[in-house]
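Breakdown of the fold
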Amino acid sequence: MARIRAQRRSQMSADYWPGFVDALTTLLLVFIFLLSIFMLAQYFVSQESSGKDDTMRRLDQRIAELTNLLSLEKGKARGAEDQLAALSASLAQLQAENQRLTSAAGAGDRRAQAAQVQIGTLNTKLTEQQKLSTSALAKVDLLNQQLLAIRRQIAALKQALAASEAKEQKSQVRIADLGKRLNVALARKVQELQRYRSDFFGRLRELLAGRKDIRVVGDRFVFESEVLFPSGQAQMTPQGLSALDPVARAIIELAKQIPPEIDWKLQVDGHTDVRPIRSAQFPSNLELSIARATSVVRYLIAQGVPRERLVAAGHGAFSPLETGDTEDVYRRNRRIELKLTNR
């Protein structure tokens, strides 16, 4: 009686353990997925902000240059205005002198003529100075327009930057909300798949009850290689085909029960012991393990299991169940494992 209770406790712990392992695996994948989304969002936002900062620095430098140029042109304009005022004063003085000399005696004609020459020269200089002053004022006006346009660009960039920051905050909120909803959905699917896995393993236990060469290890059904294959071969024996028939029927029934939105897989893993094999067909243990897993998958497909639900993998001697160099250890490490999992 004590032995029966111990066996029951062992079976119950084996039922709980697969679901626990898959739940932890799924939560880790969700965390990595969310972290990748967050890092991508941060990368694009930093790139956008960096580009805007560079544009702002270039515009600030341009404003500084235009400000210096504007100050220079304003100085030139003030100098031209001062010179224009001085010339105007000289012209007025000469005109007054000319009028005084004209009203004087005829003996002052030469001085009057000299004054007229000076007046003409000053008029010419005055005209040129007026032209220069007009050009300087036009340059100042153009610089003012350019400075105003650049300030408008800076204001637009600041508005765009503020909008980008607000959009980033909204994106962070959406990512957090998406993560919560994704966690809920994944947890629901994990629970559903766990229920179907428990039913599947329970059905296989009933079908394969009493066979010591087929057992449950963690979340996997384990077939010793001798049950399915001759030593060093990947072609299944008739006894191996018979052992897989109830497994194929259980998988077909399971495929009908699981909802289509649950993306599940039956993973078939081949393993060998550590003793090397070197033959013309299989140069190493890895090739042998892959060929055996592939043979099991092909037979299950032939029995009606959907091919898109099956995955074959070979591990060679790199994932032993036990360590040691006894024949029993070698026998238990030579195996085919079946695991029901989600993609």
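Overview of the structure. (Residues numbered from 1 in each chain as written. Predicted model: local features only at pLDDT ≥ 70, side-chain atom pairs only at ≥ 80, totals over all residues. Heavy atoms only, no water.)

**A few points about the overall build of the protein chain**
The secondary structure content of the protein chain amounts to six helices and five strands. Its helices and strands taken in sequence order, the protein chain reads α-α-β-β-α-α-β-α-β-α-β from the N to the C terminus. Counting across all 343 residues of the protein chain, residues that qualify as buried make up 32%. Taking as baseline every contact in the protein chain between residues at least 6 positions apart, the subset at least 24 positions apart corresponds to 76%. Accessible surface for the protein chain amounts to roughly 21,300 Å². Of this, 56% is attributable to carbon and sulfur atoms. (Helix = DSSP H or I, 4+ residues; strand = E, 2+ residues; numbered from the N terminus. Buried < 20%, exposed > 50% of the residue type's maximum accessible area, 1.4 Å probe, protein only. Contact = heavy atoms within 4.5 Å. Areas by Shrake-Rupley, 256 points an atom, 1.4 Å probe, with all protein chains shown as cover.)

**Some words on the pairing of strand β4 (residues 310-314)**
Regular strands place their side chains on alternate faces of the sheet. The pairing of strand β3 (residues 264-271) with β4 spans five bridges and is parallel. Counted as the bridge partner of Leu 266 is Leu 310 from β4. Between β3 and its parallel partner β4, the chain crosses via helix α5 (residues 285-302), and the hand of that crossover is right-handed. (Pairing = 2+ DSSP bridges. Right-handed = clockwise from strand over helix to strand, strands pointing away.)

**Things to note about the pattern of salt bridges**
This structure, assessed with the given rule, holds twelve salt bridges. Notably, a salt bridge pairs Glu 337 with Arg 220, separated by 3.2 Å at the nearest N-O pair. One end of the pair, Glu 337, is in strand β5 (residues 335-342); the other, Arg 220, is in strand β2 (residues 220-224), with 117 residues separating them in the sequence. Put simply, Arg 335 and Glu 337 hold a salt bridge, and the shortest N to O gap is 2.6 Å. Across the pair, Glu 337 and Arg 335 agree in class, each one buried. Residues participating in the shared-partner salt-bridge network are Glu 226, Asp 273, Arg 275, Glu 327 and Arg 334. (Salt bridge = Lys/Arg side-chain N within 4 Å of Asp/Glu carboxyl O.)

**As for a nonpolar patch on the surface**
On the surface, a cluster of nonpolar side chains totalling about 280 Å² of accessible area is made up of Leu 35, Phe 38 and Met 39. Residue placement: Met 39 occurs in helix α1 (residues 2-102). Accessibility expressed as a relative area gives 52% for Met 39, which makes it exposed. (Patch = residues over 30% accessible without salt bridge, like charges linked within 9 Å, V, L, I, M, F, W, Y side chains within 5 Å.)

**Considerations on the sheet that holds strand β1 (residues 214-217)**
The sheet built from five strands is open, its strands ordered β1-β2-β5-β3-β4 with mixed pairing. At either margin of the open sheet sits one strand with a lone partner, and together these are β1 and β4. This sheet shows a mean twist of 25 degrees between the axes of neighbouring strands, independent of strand direction. The pairing of β2 with β5 spans four bridges and is classified as antiparallel. When the sheet's bridge partners are listed, Glu 224 is paired in β5 with Arg 335. On the sheet, helix α4 (residues 238-257) packs against β2, β3 and β5 and is oriented at approximately 160 degrees with respect to β3. Sitting on the sheet, α5 is in contact with β3, β4 and β5, with an inclination near 165 degrees to β4. (Axes fitted to C-alpha atoms, helices over the stretch in contact; angles between N-to-C directions.)

**Brief notes about the pairing of β3**
Counting buried residues in β3 gives seven out of eight residues, a clear majority hidden from the surface. In the sheet, β3 pairs with β5 via eight bridges, with the strands oriented antiparallel. Bridging from a neighbouring strand, Trp 264 pairs with Asn 342 of β5.

**Focus on α5**
If you check α5, its first and last C-alpha atoms are 26 Å apart, about what 18 residues at 1.5 Å a residue would give, namely 26 Å. Buried residues along α5 sit against α3 (225-228), α4, β3, β4 and β5. (Expected span 1.5 Å × (residues − 1).)

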